[in-house]
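# A closer look at the structure
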Amino acid sequence: MSRSDEAIRITRGPGGEVEVAGTFNAFAADVLRRAGFLFEPSLRGHWIRLPFDLGRDWENEHATWAAEMLTAARYPVHLDPDLRVPRPGQSTPKCPPAMTTQAPPAGRRPRR
């Protein structure tokens, strides 16, 4: 694991591509490859991204999976909120119902 406090950032770029930035080691790179990220050579090292045109749902699932696996391995990770997919069986948080100050229904006695 990298000793740097810099988080691995998984974000959606201005062109719609899902990219990874930050400092990480070979193990984190392997996790990203297993999640479907590509390592493209560039002038500044590697451009790490998901393949293009596979759909936002696919990209979100793979970005979330990578973030969860890196977090489980205790890497500091920042995943853009618009990339996060709720876990199975976990619904999207909903607004709580409004609280009211109505009296209890007529004919009911309060419990003691």
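Residues numbered from 1 in each chain as written. Predicted model: local features only at pLDDT ≥ 70, side-chain atom pairs only at ≥ 80, totals over all residues. Heavy atoms only, no water.

### What to know about the nonpolar core
Threshold: Only buried residues count toward a nonpolar core. Its members are Ala, Val, Leu, Ile, Met, Phe, Trp, Tyr and Cys residues joined through side-chain atoms within 4.5 Å. Buried, partly exposed and exposed residues are distinguished by accessible area as a fraction of the type maximum, computed with a 1.4 Å probe on protein chains only: under 20%, between the cut-offs, and over 50%, respectively. Strands here mean DSSP runs of E at least two residues long; helices mean DSSP runs of H or I at least four residues long; both are numbered from the N terminus. Pairs of residues are marked as contacts when any of their non-hydrogen atoms sit within 4.5 Å.
One finds Ile 10, Val 18, Val 20, Leu 32, Phe 37 and Leu 70 to be the most contacted residues of the largest nonpolar core, which totals 18 residues. For this core, the elements supplying multiple residues, two or more each, are strand 1 (8-12), strand 2 (18-21), helix 1 (26-34) and helix 2 (56-72). Among the elements that make up this core, the one with the highest residue count is helix 2 (four residues). With residues up to four places along the chain from it excluded, the contact list for Leu 32 reads Val 20, Phe 24, Phe 37, Phe 39, Ile 48, Ala 66 and Leu 70.

### Some words on the side chain of Arg 12
Our working definition: Polar contact is defined as a pair of N or O atoms within 3.5 Å, subject to the rule that within protein one atom must be able to donate a hydrogen and the other to accept it, and that residues adjacent in sequence are counted only when both atoms are side-chain atoms.
Within the secondary structure layout, Arg 12 lies in strand 1. The exposure class of Arg 12 is buried, given its relative accessible area of 13%. Within polar-contact distance, the side chain of Arg 12 engages the backbone oxygen of Gly 16 at 3.0 Å. Residues in contact with Arg 12, not counting those within four places in the same chain, are Glu 17, Val 18, Arg 56, Glu 59, Asn 60, Asp 80, Asp 82 and Leu 83.

### What to know about the pairing of strand 2
Put simply, the test is: DSSP calls a pair of strands paired once it identifies at least 2 bridges connecting them.
Alternating positions in strand 2 separate cleanly, Val 18 and Val 20 being buried on one face and Glu 19 and Ala 21 remaining unburied on the opposite face. By the bridge criterion, four bridges tie strand 1 to strand 2 in an arrangement that is antiparallel. Counted as the bridge partner of Arg 12 is Val 18 from strand 2. Between strand 1 and strand 2, which follow one another and run antiparallel, lie five residues, and Gly 16 among them has a positive phi close to 95°. Here strand 2 pairs with strand 4 (residues 45-49) via two bridges, running antiparallel. Within strand 4, the position partnered with Val 20 by the bridge is Ile 48.

### Topic: the confidence of the model for the protein chain
As a reminder of what qualifies: Per-residue confidence from the predictor is reported as pLDDT, which spans 0 to 100.
Summing up the model confidence of the protein chain, the mean pLDDT is 80 and the portion of residues at 70 or higher is 72%. Throughout residues 91-100 the model reports pLDDT below 50, and contacts reaching past four residues in sequence, or to other chains, amount to one contact.

### A word on the sheet that holds strand 2
Condition: All axes here are fitted lines through C-alpha atoms, helices being fitted over the stretch that makes contact, and every angle between N-to-C directions spans 0 to 180 degrees.
An order of 3-4-2-1-5 is seen for the five strands of this open sheet, with the pairing classed as mixed. Of all the strands in the sheet, just strand 3 (38-42) and strand 5 (77-79) have a single pairing partner and so form its edges. Looking at each pair of strands side by side, their axes are set apart by 25° on average, direction ignored. Running over the sheet, helix 1 touches strand 1, strand 2, strand 3 and strand 4 and is turned about 115° from strand 3. Across the sheet, helix 2 lies against strand 1, strand 2 and strand 5, angled at about 170° from strand 1, the strand it touches most.

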